[in-house]
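Fold and contact review
For reference, the chains in residue letters:
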Amino acid sequence: MPESASRAERKRMRNRDALVAAARGLFARDGFESATIADIAEAADLGFGTFYRYFADKEAVLEAVLEDGRREIDAVLLAAEPEGTPPALALTRLSERFVHAVRRNRDILSLMWQIAIRKTVGRRPLNVESLSPDHSLPVVLSFAFRRIIEQGIAVGDFAPGDAGLLSRLIAGAHMYLLTPYAYDTDEHLVITTLCEFQLRALGGAAAAVTVPPNPVQHTARRRAVGGH
């Protein structure tokens, strides 16, 4: 008997997801140029011909990899806080979510960064919205920070200042997470340091809101910067 429409669609989605996941792993491990369509199909445990039922070429599956990863990042950046959340707390929570998302999607972000610099990959330019300068990660992150900073200034929780410049500087500090230096840094220490940095920079009541540091990590950090 022929498959039902719903069963066929679920199978189709599973196959597509398997191909995207396989491509993501291979691109992260071997690079886009080195990974072949045959490699992707084999890693997904699907036939070579099955690949072409879902994607026209290797560039098309790369577009899917980047867009799927970017959707998770955007969900983090655009998540709404409950009404009445103090701006300083909203800022801290945004940084926490961003750090967690970057750790989960470091392979995607590294790939996105490399491709955005090159503009084209393989045989044609990529049709990926996230590669547009207006939709780049630093820009989208700075807009998310700006909304919170403007609210904090308006209610008096943050010291008056240029919200646009402040948001760009704070977003720039978060880009440290994309560097190799951040790979082995303790996640809680990164969050604590980022939150302390941005809340002190904004001044006012924000300086009183921070992520409680782990005592061992706090001591280690003080020693690292010459403290006692």
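A quick note: this is a predicted structure, and the numbers were derived from the prediction, not measured.

1. Focus on the side chain of Gln198
In this structure, Gln198 sits in helix α9 (residues 187-202). Among the polar contacts listed, one links the side chain of Gln198 to the side chain of Ser95, at a separation of 2.9 Å. Apart from residues no more than four positions distant in its own chain, Gln198 is found in contact with Leu91, Thr92, Ser95, Phe145, Ile170 and His174.

2. Digging into helix α4 (residues 58-78)
Here α4 spans 30 Å end to end across 21 residues, near enough to the 30 Å set by a 1.5 Å rise per residue. Between the side-chain oxygen of the N-cap and the backbone nitrogen of Glu59 there are 3.3 Å, and the N-cap of α4 in question is Asp57.

3. Considering α9
Helix length check: α9 (16 residues) gives 23 Å between terminal C-alpha atoms against 22 Å at 1.5 Å per residue, within 8%. Listing the buried residues of α9 in full gives Val190, Ile191, Thr192, Leu194, Cys195, Gln198, Leu199 and Leu202. In the segment just after α9, Gly203 is the residue with positive phi, at about 65°.

4. Considering the packing of helix α5 (residues 87-104) against helix α7 (residues 137-155)
Where α5 contacts α7, the axes come no closer than 9 Å and their chain directions differ by 165°. The orientation of α5 relative to α7 falls into the category roughly antiparallel. Relative to α7, α5 is oriented so that their crossing is left-handed. Contacts between α5 and α7 involve Pro87, Ala90, Leu91, Leu94, Ser95 and Phe98 from the former and Leu137, Leu141, Ala144, Phe145, Ile148, Ile149, Gln151, Gly152 and Val155 from the latter. Taken together, the residues of the contact of α5 with α7 break down into twelve nonpolar, three polar and no charged.

5. Regarding the nonpolar core
In this structure, Leu77, Leu91, Phe98, Phe145 and Ile149 are the most contacted members of the largest nonpolar core, which totals 32 residues. Secondary structure elements with two or more residues in this core: α4, α5, α7, α8 (163-174) and α9. Aside from chain neighbours lying at most four places away, what touches Phe145 is Leu91, Leu94, Ser95, Ser167, Ile170, Ala171, His174 and Gln198.

6. Quick look at the environment of Asn105
Inspection of the secondary structure assignment puts Asn105 in the loop between α5 and α6 (106-118). Since its relative accessible area comes to 1%, Asn105 is described here as buried. As a C-alpha pair, Asn105 and Glu72 span 33 residues in sequence and 8.6 Å in three-dimensional space.

7. Side note on the pattern of salt bridges
One pass over the full model with this rule turns up seven salt bridges. With a closest N to O distance of 3.9 Å, Arg16 and Asp17 form a salt bridge. In the salt-bridge network here, residues are joined through shared partners; they are Arg16, Asp17, Asp68 and Arg71.

8. Examining the side chain of Ser167
Topologically, Ser167 is positioned in helix α8. Residue classification places Ser167 among the buried positions, given a relative accessible area of 2%. Looking at Ser167, its side chain comes within polar contact range of the main-chain oxygen of Ser142, at 3.5 Å. Aside from chain neighbours lying at most four places away, what touches Ser167 is Ser142, Phe145, Arg146 and Ile149.

9. A short note on the packing of aromatic side chains
For any two aromatic rings, the description comes down to two numbers: the centre-to-centre distance and the angle of the planes. In total, this model carries four aromatic pairs according to the counting rule given. Measuring from ring centre to ring centre gives 5.2 Å for Phe27 and Phe32, while their planes differ by 55°; the resulting arrangement is tilted. Phe32 matches Phe27 in its accessibility class, with the two residues each being buried. Ring geometry for Phe48 and Tyr52: centres 5.6 Å apart, planes at 70°, overall edge-to-face. Here the residue Phe48 and the residue Tyr52 both occupy positions in helix α3 (residues 48-54), the gap between them amounting to four residues, near one helical turn. What makes Tyr52 partly exposed here is its relative accessible area of 41%. Against the face of Phe32 rests Lys58, its NZ or CZ located 4.4 Å from the ring centre.

10. Some points on a positive patch on the surface
Taken together, the side chains of Arg7, Arg10, Lys11, Arg14 and Arg53 present a region of like positive charge at the surface. Here the positive patch takes four residues from helix α1 (residues 5-30), the largest share from any one element. As for its position among the elements, Arg14 is in helix α1.

Parameters at a glance
Residue indices begin from 1 for each chain and proceed along its sequence in written order. Since the coordinates come from a predicted model, pLDDT governs what is reported: local features require at least 70, and pairs of side-chain atoms require 80 or more to be given and counted, while whole-chain, interface and lining totals use all residues. Derived side-chain values reflect all non-hydrogen atoms in the structure, with water molecules and hydrogen atoms excluded from consideration. Strands are runs of DSSP state E lasting at least 2 residues, helices are runs of H or I lasting at least 4, and numbering of each runs from the N terminus. Any N or O atom pair separated by 3.5 Å or less is treated as a polar contact, with the protein-specific requirement of one donor-capable and one acceptor-capable atom, and with residues adjacent in sequence counted only for side-chain atom pairs. Whether two residues are in contact is decided by their heavy atoms: any pair within 4.5 Å suffices. Helices are assigned an expected span. That span is 1.5 Å times one less than the residue count. Throughout this description, buried means an accessible area under 20% of the type-specific maximum (1.4 Å probe, protein chains only), exposed means over 50%, and partly exposed covers the range between. To get an axis, fit a line to the C-alpha atoms, keeping to the stretch in contact for a helix; angles then go from 0 to 180 degrees between the N-to-C directions. In this scheme, roughly parallel covers angles under 35 degrees and roughly antiparallel covers those over 145, while 65 to 115 is roughly perpendicular and the rest are oblique. Note on convention: near helix rotated counterclockwise from far helix by under a right angle means a left-handed crossing. Clockwise means right-handed. Side-chain classes are defined by residue name, with Ala, Val, Leu, Ile, Met, Phe, Trp, Tyr, Cys and Pro counting as nonpolar, Asp, Glu, Lys and Arg as charged, and the others, Gly among them, as polar. In these notes, a set of buried Ala, Val, Leu, Ile, Met, Phe, Trp, Tyr and Cys residues joined through side-chain atoms within 4.5 Å is what counts as a nonpolar core. Think of a salt bridge as a Lys or Arg side-chain nitrogen and an Asp or Glu carboxyl oxygen that are within 4 Å of each other. In this analysis, rings of Phe, Tyr and Trp, with Trp reduced to its six-membered ring, are considered paired at centre separations within 6.5 Å, and the interplanar angle assigns stacked below 30 degrees, edge-to-face beyond 60, and tilted for intermediate values. For a Lys NZ or an Arg CZ to count as sitting over a ring, it must be within 6 Å of the ring centre and within 35 degrees of the ring normal. Nonpolar side chains (Val, Leu, Ile, Met, Phe, Trp, Tyr) are joined into patches within 5 Å and like charges within 9 Å, using only residues with over 30% relative accessible area and no salt bridge. The accessible surface values rely on the Shrake-Rupley method and a 1.4 Å probe; as for residues, cover is taken only from the protein chains in view. Charge assignment: positive for Lys and Arg, negative for Asp and Glu; neither His nor the chain ends contribute. Taken as the charge location is NZ of Lys, CZ of Arg, CG of Asp or CD of Glu.

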